[in-house]
Amino acid sequence: MRAITVEPGQKGSLRVEDVPDPVPGRDDLLVQGLALGICGTDREIASGEYGWPPEGHDRLILGHESLGRVVQAPAGSGFTEGDLVVGVVRRPDPVPCGACAQGEFDMCRNNRYVERGIKQLDGFGSERWTIEAGYAVKLDPALEYLGVLMEPTTVLAKAWDQIERIGARAWFEPRRVLVTGAGPIGLLAALLGRQRGLEVAVLDRVTEGIKPELVRALGAEYHTGTIAEAVGDTGPDIIIEATGAGRLVFDAMEKIASGGIVCLTGVSTSGRDLRVDAGAISREIVLENNVIFGSVNANLRHYQLATVALAAADRSWLSRLITRRIPLADVAEAMEPDPDDIKVVVDLTA
Ligand code: BGC
């Protein structure tokens, strides 16, 4: 079968090659890969900046935003041939740490977790893949190819779940949320904010085109410029930062309302200096009981929450998030970001 493979750490090593078909274990599903979403992490791995191959191997099968159809399922697994499924990305560390022992592998404490298509486990970027039935999630068949948006939605389902748990430390009736960045993560953050009935504003650099249209279609406001310009005099109760840009991260800390929560989801690039008044920022965080926290990955509970969020979303809105579909053989094109991209998807059947 054909698979997208890469030698982690080696820029330019990405290729589509023939590899042996996977052999399902006793508790595994055999799945036909339908589509694969591409995100910043995949581009980092493809450019040699991130990723780890499985032990004893040089190359890794890339891909963690999966979508597939079950070809073969063990009896009693709860799955049958034809089911539309996605695979959970992370597996608990083998020790396991306290969080992993509780099924909260997204909060792994010793960083010895492994991840499909990212860290020491082959991913879902192949014509067929296998998955433990316990780490497969069944999708509403009506979603069809939109199911490829499941994994990024789980990342936001977790972020929102964490925001609500943190908020519950004291009286918390949020009204306004600001999302920075109108890529897939920012737009899905805005969708989940609107599903909660909140007033949502989204900030991005792009001034026209599909991003402002998608934001307005949600009943949210679209802004360009600075956070200060977007929020006005009173800070929002929640900020979800989805760019990783240092300036925006610190502006968010400064502009959040009293008792507000800043959730950082963007993976920043290191090595860029920024002058900030650290004393003023930390003083404000203390005097206003603010919480700044980071959020990554998702556990099985978040996959269930994301299933509900996707089912409740407008399908034509979701379909507009997928701005490019690329045949498997041309995967290299998917690694080149285009300014008009939101989500780029590789078609594993073409
Ligand atoms: C994935 C997460 C993963 C993280 C770090 C992200 O792109 O969505 O599931 O935990 O990368 O490897």
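Residues numbered from 1 in each chain as written. Predicted model: local features only at pLDDT ≥ 70, side-chain atom pairs only at ≥ 80, totals over all residues. Heavy atoms only, no water.

Moving on, we get to the overall build of the protein. Across its full length, the protein carries 11 helices and 19 strands. The C-alpha radius of gyration of the protein comes to 20 Å, within 12% of the 20 Å expected for a compact globule of 350 residues. Projected onto its principal axes, the C-alpha positions of the protein cover 60 × 45 × 40 Å. Counting only contacts in the protein whose residues sit at least 6 apart along the sequence, the fraction spanning at least 24 positions is 70%. Total accessible area computed for the protein in this model is approximately 16,000 Å², and 48% of it derives from carbon and sulfur atoms. Here the protein holds 36 positive side-chain charges and 50 negative ones, and the gap between their average locations is 2 Å. (Helix = DSSP H or I, 4+ residues; strand = E, 2+ residues; numbered from the N terminus. Rg over C-alpha atoms; globule rule 2.2 N^0.38 Å. Contact = heavy atoms within 4.5 Å. Areas by Shrake-Rupley, 256 points an atom, 1.4 Å probe, with all protein chains shown as cover. Lys, Arg positive; Asp, Glu negative; His and termini not counted. Charge placed at Lys NZ, Arg CZ, Asp CG, Glu CD.)

A few words now on the sheet that holds strand β2 (residues 15-18). The three strands are arranged β2-β1-β4 in an open sheet whose pairing can be described as antiparallel. Looking at the sheet topology across the chains shown, the edges are occupied by β2 and β4 (60-61). Bridge analysis of strand β1 (residues 2-6) against β2 gives four bridges, and the strand direction is antiparallel. Looking at β2, one finds that Arg2 is bridged to Asp18. (Pairing = 2+ DSSP bridges.)

A few words now on the nonpolar core. One finds Leu318, Leu321 and Val346 to be the most contacted residues of the largest nonpolar core, which totals 90 residues. When residues in this core are grouped by element, the largest group, seven residues, is from helix α3 (residues 150-167). If near-sequence neighbours (up to four positions away) are discounted, Leu321 is found in contact with Leu149, Leu187, Leu188, Leu214, Ile342 and Lys343. Core analysis: the next-biggest nonpolar cluster, separate from the first, contains 11 residues, Ala230, Leu248, Ile256 and Val262 among them. (Core = buried A, V, L, I, M, F, W, Y, C linked by side-chain atoms within 4.5 Å. Buried < 20%, exposed > 50% of the residue type's maximum accessible area, 1.4 Å probe, protein only.)

This brings us to the sheet that holds strand β15 (residues 238-241). What the six strands build is an open sheet, ordered β14-β13-β12-β15-β16-β17; its pairing is parallel. The open sheet has two free edges, formed respectively by β14 (221-223) and β17 (291-294), since each of these has just one partner strand. The mean angle between the axes of side-by-side strands here comes to 15 degrees, regardless of whether they run parallel or antiparallel. The pairing of strand β16 (residues 261-264) with β17 spans four bridges and is classified as parallel. Residue Cys263 lies in a different strand from β17, and its bridge partner there is Phe293. Sheet contacts for helix α5 (residues 210-217): β13 (199-203) and β14; angle to β14, the most-contacted strand, approximately 150 degrees. (Axes fitted to C-alpha atoms, helices over the stretch in contact; angles between N-to-C directions.)

Every residue close to the ligand is listed here: Cys39, Thr41, Tyr50, His64, Val89, Arg90, Glu115, Ile118, Glu151, Val155, Val296 and Asn297. One nitrogen or oxygen atom from the side chain of Thr41 is found 2.6 Å from an oxygen atom belonging to the ligand. Take Asn297: an N or O atom from its side chain is 2.9 Å from an oxygen atom of the ligand. Calculation on the ligand without its partners gives an accessible area of 320 Å², and the protein chains cover 87% of this total. A breakdown of the residues in the shell around the ligand according to their chemical character gives six nonpolar, three polar and three charged. (Near = heavy atom within 4 Å. Polar contact = N/O pair within 3.5 Å; in protein donor to acceptor, adjacent residues only side chain to side chain. Nonpolar A, V, L, I, M, F, W, Y, C, P; charged D, E, K, R; others polar.)

Quick look at the packing of aromatic side chains now. Counted under the stated rule, the structure contains three aromatic pairs. Ring geometry for Phe124 against Trp129: centres 4.7 Å apart, planes inclined by 65 degrees, an arrangement best described as edge-to-face. This pair shows no difference in class: Phe124 is buried, exactly as Trp129 is. Geometry around Tyr135 places Arg91 over its ring, the cationic atom sitting 4.0 Å from the centre. Sitting above the plane of the Trp52 ring, Lys119 keeps its charged end 5.8 Å from the centroid. (Phe/Tyr/Trp six-rings, centres within 6.5 Å; stacked < 30°, edge-to-face > 60°. Lys NZ or Arg CZ within 6 Å of the ring centre and 35° of its normal.)

What follows is about the environment of Leu321. The residue Leu321 is located in helix α10 (residues 315-321) in this model. Judged by relative accessible area, Leu321 falls into the buried class, the value being 2%. For the pair Leu321 and Gly183, spaced 138 residues apart in sequence, the C-alpha separation works out to 8.8 Å.

Assigned domains of the protein: these are domain 1 (2-138 + 314-347) and domain 2 (154-294). Here the C-alpha centroids of domain 1 and domain 2 sit 28 Å apart. Facing the 10 residues of domain 1 at the interface are 13 residues of domain 2. Both faces considered, domain 1 and domain 2 share a buried interface measuring about 1,100 Å² in area, 69% of it formed by carbon and sulfur atoms. Looking only at domain 1, the three residues that lose the most surface to domain 2 are Trp317, Arg320 and Ile342, adding up to 57% of its buried area. (Domains from an automatic or database assignment. Buried area = accessible area lost by both parts, 1.4 Å probe.)

This part covers unusual backbone geometry. Glycine aside, residues mostly have negative phi angles, and peptide bonds mostly take the trans form. Here Val95 and Pro96 are connected by a cis peptide whose omega angle stands at -20 degrees. Looking at the element boundaries, Pro96 is found in the loop between β7 (90-91) and α2 (98-101). You will see that Asn111, though not glycine, has its phi angle at about 60 degrees, which is positive. For Asn111, the position within the fold is in the loop between α2 and β8 (114-116). The backbone of Gln120 sits at a positive phi, close to 65 degrees, despite the residue not being glycine. Position of Gln120 among the secondary structure elements: in strand β9 (residues 120-121). Assessed through its relative accessible area of 31%, Gln120 is described here as partly exposed.

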